[in-house]
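The lines below spell out each chain.
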Amino acid sequence: MVLGGGALVTTQVLEARYAGAVDQKDLFGGNAAAAGADQEAPDIKGAQNILLVGIDPRTDEQTPLSDSIIVAHIPAEMDQAYLFSIPRDLVVDIPAFEKTGFRGGRAKINAAMGFGSSIGNGKHDVVQGFDLLARTVQNLTGIKEFDAGAIINFNGFKAIVDAMGGVTMKIDQNVKSEHLQPNGKPRPRLSRCADNTCEHPYYGPQATYKKGTFHLQGWQALDYVRQRYGLPNSDYDRQRHQQQFIKAMAKQALSKDVITSPGKLDKVLRAAGKALIFDGKGNGVVEWALALKNIRADNLTSIKLPGGGLFENGKYQGEQLDPSAEKFFRAVKADELPEFLLNNSEYINDNV
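Residues numbered from 1 in each chain as written. Predicted model: local features only at pLDDT ≥ 70, side-chain atom pairs only at ≥ 80, totals over all residues. Heavy atoms only, no water.

Draft legend 1. A look at unusual backbone geometry. The phi torsion at Met78 lies on the positive side, around 55°, for a residue other than glycine. Along the chain, Met78 falls in the loop between β3 (68–74) and β4 (81–85). Even without a glycine there, the phi angle at Lys281 is positive, about 55°. With respect to the element layout, Lys281 can be found in the loop between β14 (276–279) and α10 (285–291). (Helix = DSSP H or I, 4+ residues; strand = E, 2+ residues; numbered from the N terminus.)

Structure representation (structure tokens):
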């Protein structure tokens, strides 16, 4: 981001001040370079695939769930990026995971992180859980291995938006909040739902987001992209909104209002560091910033994977992808997405 703004600071300053703010850990299991071994990092060149996982903040005694799973495919030219979301309720084969004794099985994909996260004594580690989730997504897509990955804390996104002074964003449909009141405070919960068994445990006034272009505060942007209840296409609409948010946030971060304000820029970068757990496969955040410096918000293409409900004996089991998604995944593997999208324009989210 900084380099794209005209090399406002040196790489050494970036390394010293911002790279250290990002929590860098081994997300893929057994990656010695990320773990800090004396091993030369691979060059960042050619087509790249990055796995981004969004989670709600939880204690280490709570099983983590990957509420947002996004793959960023970057072609070999490294001047654009394609974002596609994996539905959180997609029913997939989750491979066995020796670290937790999980024998493998068929379940919703957002459970994979939980199956891989147990470290004993009732404790959970999202970093270890990410490893199993990455393996699951690799099996689904055919991607041999990811080149980098990140866990993004949703509350961290809120801090980034607040550091930028809000984000201007297109809202493509009217949305009511399941979680928050119009003033941003949590909606009260029904007493009979204290055991978390109710599907809709809240009551009272709801924050609303109307169709149009608005400048949102951090809590509003985060609340908007979390909603799926009441939307015509449920999680598929939420996936689109999350991709809209990423693009709007990138555009705002690269705006003159941020780039030319050293104080605001510093706040944004520090907030971004606190929001992330990152694994660049031996390369740090600065090396990745250098490699991807030609990508701009207008060069982010949002992809919608077609799918629908999976039913057995009339009972909803989760989501399944359209068979054509196999051709899409093959195009990702072969770095041939532009050609695929030229012939399958229905995969492009035009309103993102």
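Draft legend 2. Structural detail: helix α11 (residues 325–333). Along α11, the residues that are buried comprise Ala325, Phe328, Phe329, Ala331 and Val332. One side of α11 holds all its buried residues, which, seen down the axis, span an arc of 155°. Set apart from the buried face of α11 by more than 90 degrees, the exposed residues are Lys327 and Lys333. Asp335, located one to two residues past α11, shows a positive phi value of around 55°. (Buried < 20%, exposed > 50% of the residue type's maximum accessible area, 1.4 Å probe, protein only. Arc of directions from axis to C-beta.)

Draft legend 3. Fine view of the sheet that holds strand β1 (residues 23–24). Strand order across the open sheet formed by seven strands is β1-β14-β9-β2-β3-β4-β15, with mixed pairing between neighbours. The outermost strands of the open sheet, each flanked by one partner alone, are β1 and β15 (300–303). Sheet topology note: the β4/β15 ladder contains four bridges and is parallel. Bridging across to β15, Tyr82 finds its partner in Thr301. Where helix α4 (residues 126–141) meets the sheet, it contacts β2 (48–55), β3, β4, β9 (148–153) and β14, and its direction lies at approximately 130° from that of β2. (Pairing = 2+ DSSP bridges. Contact = heavy atoms within 4.5 Å. Axes fitted to C-alpha atoms, helices over the stretch in contact; angles between N-to-C directions.)

Draft legend 4. Region of interest: the nonpolar core. Grouped together as the largest cluster of nonpolar side chains are 49 residues, with contacts concentrated most on Ile160 and Phe245. Broken down by element, the residue count for this core peaks at six residues, all from helix α5 (residues 154–164). Those residues in contact with Ile160 that sit more than four places away from it in its chain are Met249, Val268, Ala271, Ala272 and Ala275. Leu27, Ala134, Phe328 and Leu337 belong to the second largest nonpolar core, which has 41 residues in total. (Core = buried A, V, L, I, M, F, W, Y, C linked by side-chain atoms within 4.5 Å.)

From the geometry alone we can't say anything about function, so treat these as descriptive.
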